[in-house]
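Spelled out, the chains give:
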Amino acid sequence: SRGINPGEGAGFFNYDVSDDGSLMGVTNNEGLLQVVDVATGDLVGDPIRADGPSVFAFGFSPDATLLAVYFSFSNEINLYDPRTGQALWRFDTTAQASKTYVNRDGVQMWGPSGAVVWNAPTIDAKRGALYFGTGQNSSSPATDTSDSIFALDLETGEKRWVFQALADAAGNEA
């Protein structure tokens with residue numbers, strides 16, 4: 001089918017055009033990212049569906065062969081082939097949450113949490129890297145990945161380096 005279907009009751013949330021002008025990404029508020037051929041208006045590949053409530057930010061590589069996606073309120077970044085919708089890799093900014101302590105009300109607390117991706121990712125094809133920033137941890141314990149800038153290997157998704165601008169930043173989102 002031709003054209004973008006935001007879904008019943010879903011409005012458009014965000015859009016961007018690749019640097020080479022060939023593709024446009026369009027998100028809706030129900031967690032769907034669709035890629036469109038700018039010349040024809042036809043959908044390209046399979047839609048990318050968020051694990052959470054929505055797709056928040058994304059960025060194309062300069063030649064429109066890669067698409068980096070951050071899902072809202074998530075500590076993960078994903079790389080896709082925009083022409084097929086196939087996931088290439090996923091990177092998490094924190095370890096999987098585990099039990100940390102029982103609070104004074106007897107509630108089991110878990111952590112780490114947060115260090116969510118905080119901006120649209122940037123693909124640096126020349127250096128083969130993906131860059132993005134993170135916000136604070138949502139609860140204790142604080143990690144060494146909150147309030148940071150990341151550089152990931154574009155091919156593997158492995159961490160190259162992290163620069164933490166503010167250490168020990170953990171809020172209480174409860």
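Residues numbered from 1 in each chain as written. Predicted model: local features only at pLDDT ≥ 70, side-chain atom pairs only at ≥ 80, totals over all residues. Heavy atoms only, no water.

**Description of the packing of aromatic side chains**
Then comes step 1: Applying the stated criterion to the full structure yields four aromatic pairs.
Then comes step 2: A ring pair is formed by Phe132 and Phe150, whose centres lie 4.9 Å apart and whose planes are at 5°; its orientation type is stacked. Here Phe132 is found in strand 13 (residues 129-133), whereas its partner Phe150 is found in strand 15 (residues 148-153), with 18 residues between them in sequence.
Then comes step 3: Classification of Phe132 as buried rests on a relative accessible area of 2%. (Phe/Tyr/Trp six-rings, centres within 6.5 Å; stacked < 30°, edge-to-face > 60°. Helix = DSSP H or I, 4+ residues; strand = E, 2+ residues; numbered from the N terminus. Buried < 20%, exposed > 50% of the residue type's maximum accessible area, 1.4 Å probe, protein only.)

**Comments concerning the pairing of strand 2 (residues 23-28)**
On a regular strand, each side chain points to the face opposite its neighbour's, so the side chains alternate between the two faces of the sheet.
Then comes step 1: Of all six residues in strand 2, five are buried; the element is thus mostly enclosed.
Then comes step 2: Direction of pairing for strand 2 relative to strand 3 (residues 32-37): antiparallel, over a ladder of five bridges. Of the residues in strand 3, the one forming a bridge with Val26 is Gln34. (Pairing = 2+ DSSP bridges.)

**Section: a negative patch on the surface**
Then comes step 1: A cluster of acidic side chains, namely Asp16, Asp19, Asp20 and Asp63, defines a negative patch on the protein surface.
Then comes step 2: Tracing the backbone through its elements, the reader meets Asp20 in the loop between strand 1 (12-17) and strand 2. (Patch = residues over 30% accessible without salt bridge, like charges linked within 9 Å, V, L, I, M, F, W, Y side chains within 5 Å. Areas by Shrake-Rupley, 256 points an atom, 1.4 Å probe, with all protein chains shown as cover. Salt bridge = Lys/Arg side-chain N within 4 Å of Asp/Glu carboxyl O. Lys, Arg positive; Asp, Glu negative; His and termini not counted. Charge placed at Lys NZ, Arg CZ, Asp CG, Glu CD.)

**Examining unusual backbone geometry**
Glycine aside, a negative phi is what most residues show, and trans is what most peptide bonds show.
Then comes step 1: Between Gly111 and Pro112 the backbone carries a cis peptide bond, its omega angle lying at 0°.
Then comes step 2: For Pro112, the location among the structural elements is in the loop between strand 10 (108-111) and strand 11 (113-114).
Then comes step 3: Look at the link from Ser140 to Pro141: it is a cis peptide, with omega at 5°.
Then comes step 4: Note on placement: Pro141 falls in the loop between strand 14 (137-139) and strand 15.

**Considering the nonpolar core**
Then comes step 1: Grouped together as the largest cluster of nonpolar side chains are 16 residues, with contacts concentrated most on Ile77, Leu130 and Leu152.
Then comes step 2: What Leu152 contacts, discounting residues up to four positions off in sequence, is Ile77, Trp89, Phe91, Gly128, Ala129, Leu130, Phe132, Gly157, Glu158, Lys159 and Arg160.
Then comes step 3: Leu23, Val35, Val44 and Ala64 belong to the second largest nonpolar core, which has 13 residues in total. (Core = buried A, V, L, I, M, F, W, Y, C linked by side-chain atoms within 4.5 Å. Contact = heavy atoms within 4.5 Å.)

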